[in-house]
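Listed below are the residues making up each chain.
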Amino acid sequence: MQKLHKEIILGFAVVLLGVFCWYFLKYVFYIGNLTFGCCALGIGSFILWGIALCLAMLLIRDKKILYGSFILTLISFGMFFNNEPFYYLVGLIILFWAFAIGSAKVRREESVQVNLNFWRIWKRGLPIFITVLILMIALVYYFSPSLDKVRKAELRIPRNSFNLAIKPFERLIKERLPEGINDLDVQAEEILTKEQIKELEDKYEIDIKEEDTIKDFLYKLANYQLNSIKGPYQKFVPIGLAIALFLGLKLISILYVAIIIMLSWLVLKILITLKFIRIEIETKEVETVKL
């Protein structure tokens with residue numbers, strides 16, 4: 001098989017596996033309802049794509065095929081994510097820059113080594129690309145419907161947690177209740193008039209039902225106060241979650257990069273055995289200066 005055909009096959013693998021990775025991200029952030037099989041396929045897609053990228057950076061010498069295949073992968077991104085074209089375009093440009101820098105570092109490291117050390121070769125260029133890829137994933141997450149729900153979601157204190165938190169203050173609250181009422185489980189209507197209830201409902205935007213107790217009223221009031229406080233800061237919650245995702249994936253990427261390089265080396269050995277690729281010994285002339 002000609003060298004050109006081998007490079008095209010490898011470039012096609014980069015595009016195909018990249019499309020699978022984008023599809024998985026779309027499924028995670030836009031559809032959800034993940035199963036174990038779906039997660040396994042998604043993680044497997046990213047591992048295989050990482051292997052294909054490692055081999056492409058090292059083996060594809062034709063820059064038109066190398067960069068062309070990756071550009072096609074970036075174009076396929078738009079098939080799945082197009083709700084924020086400007087930000088995604090900026091992210092894809094940075095991702096292409098990271099791929100170009102990573103490829104150049106891999107090629108430069110390979111050219112200066114006497115005995116090929118594939119770990120060092122790929123370690124030079126892969127981390128910078130993975131970091132920007134993680135940044136792109138965090139960007140997708142930030143603009144996903146799952147975070148739209150967070151932006152609009154109403155915070156609610158778990159009832160059991162509220163009951164535990166209020167318990168030390170029950171005596172203090174009872175002292176402020178009308179004389180003769182020593183139980184927070186008494187219905188609110190027994191100590192509040194209909195006019196007072198209506199005034200409280202309008203002021204705090206809560207619904208006090210006939211069967212609601214004093215404790216129920218306090219619970220609804222606590223939730224109202226919580227949501228009124230979070231208002232000015234709510235816009236920062238999605239940013240915080242996106243940053244947390246980036247940092248979490250960055251930590252995981254330490255293991256991911258190691259797995260990718262190890263499996264890439266294994267695939268490389270298999271391809272050498274199958275005579276798809278070969279290792280050649282070249283004699284190089286170098287300049288030196290002496291006294």
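Asker: How do you make sense of the overall build of the chain when you look at a structure like this?
Answerer: Helix and strand counts for the chain stand at 11 helices and 0 strands. In the chain, the succession of α and β elements from N to C terminus is α-α-α-α-α-α-α-α-α-α-α. The proportion of buried residues among the 291 residues of the chain is 37%. Summarising the internal contacts of the chain: among those between residues at least 6 apart in sequence, 75% fall at separations of at least 24. As presented, the chain carries roughly 18,600 Å² of accessible surface, and 64% of it is formed by carbon and sulfur atoms.

Asker: Just to check I follow, could you spell out the environment of L249 for this structure?
Answerer: On the secondary structure map, L249 appears in helix α11 (residues 236-273). Placed 111 residues apart in sequence, L249 and A138 show a C-alpha to C-alpha distance of 9.0 Å. Beyond its immediate stretch of four places on either side in the chain, L249 contacts I134 and I137.

Asker: Before we go on, may I ask you to explain the packing of helix α4 (residues 85-112) against helix α5 (residues 118-142) in this structure?
Answerer: The angle between the axes and the distance between the axes are what describe a pair of packed helices. Across the interface, α4 lies against α5 with an axial gap of 7 Å and an inter-helix angle of 170°. Accordingly, the angle class assigned to the pair α4 and α5 is roughly antiparallel. Across the contact of α4 with α5, the residue classes break down as 19 nonpolar, 3 polar and 5 charged.

Asker: Would you mind showing me how to read a nonpolar patch on the surface here?
Answerer: Where nonpolar side chains cluster on the molecular surface, the patch consists of F86, Y87, V90, I94 and W97 and spans about 520 Å² of accessible area. Its location among the elements puts W97 in helix α4. When its relative accessible area of 47% is taken as the criterion, W97 is described as partly exposed.

Asker: Sorry, what's going on with the packing of aromatic side chains here?
Answerer: By convention here, two paired aromatic rings are described through the distance between centres and the angle between planes. Counted under the stated rule, the structure contains 22 aromatic pairs. On the basis of an interplanar angle of 35° and a centroid distance of 6.4 Å, the ring pair of F70 and F96 is categorised as tilted. Of the two residues, F70 is situated in helix α3 (residues 63-80) and F96 in helix α4; the sequence distance between them amounts to 26 residues. One Lys or Arg, K6, reaches over the ring of F276 and ends 5.4 Å from the middle of that ring. Geometry around Y30 places K26 over its ring, the cationic atom sitting 4.3 Å from the centre.

Cut-offs used in this document
Residues numbered from 1 in each chain as written. Predicted model: local features only at pLDDT ≥ 70, side-chain atom pairs only at ≥ 80, totals over all residues. Heavy atoms only, no water. Helix = DSSP H or I, 4+ residues; strand = E, 2+ residues; numbered from the N terminus. Buried < 20%, exposed > 50% of the residue type's maximum accessible area, 1.4 Å probe, protein only. Contact = heavy atoms within 4.5 Å. Areas by Shrake-Rupley, 256 points an atom, 1.4 Å probe, with all protein chains shown as cover. Axes fitted to C-alpha atoms, helices over the stretch in contact; angles between N-to-C directions. Parallel < 35°, antiparallel > 145°, perpendicular 65-115°, else oblique. Nonpolar A, V, L, I, M, F, W, Y, C, P; charged D, E, K, R; others polar. Patch = residues over 30% accessible without salt bridge, like charges linked within 9 Å, V, L, I, M, F, W, Y side chains within 5 Å. Salt bridge = Lys/Arg side-chain N within 4 Å of Asp/Glu carboxyl O. Phe/Tyr/Trp six-rings, centres within 6.5 Å; stacked < 30°, edge-to-face > 60°. Lys NZ or Arg CZ within 6 Å of the ring centre and 35° of its normal.

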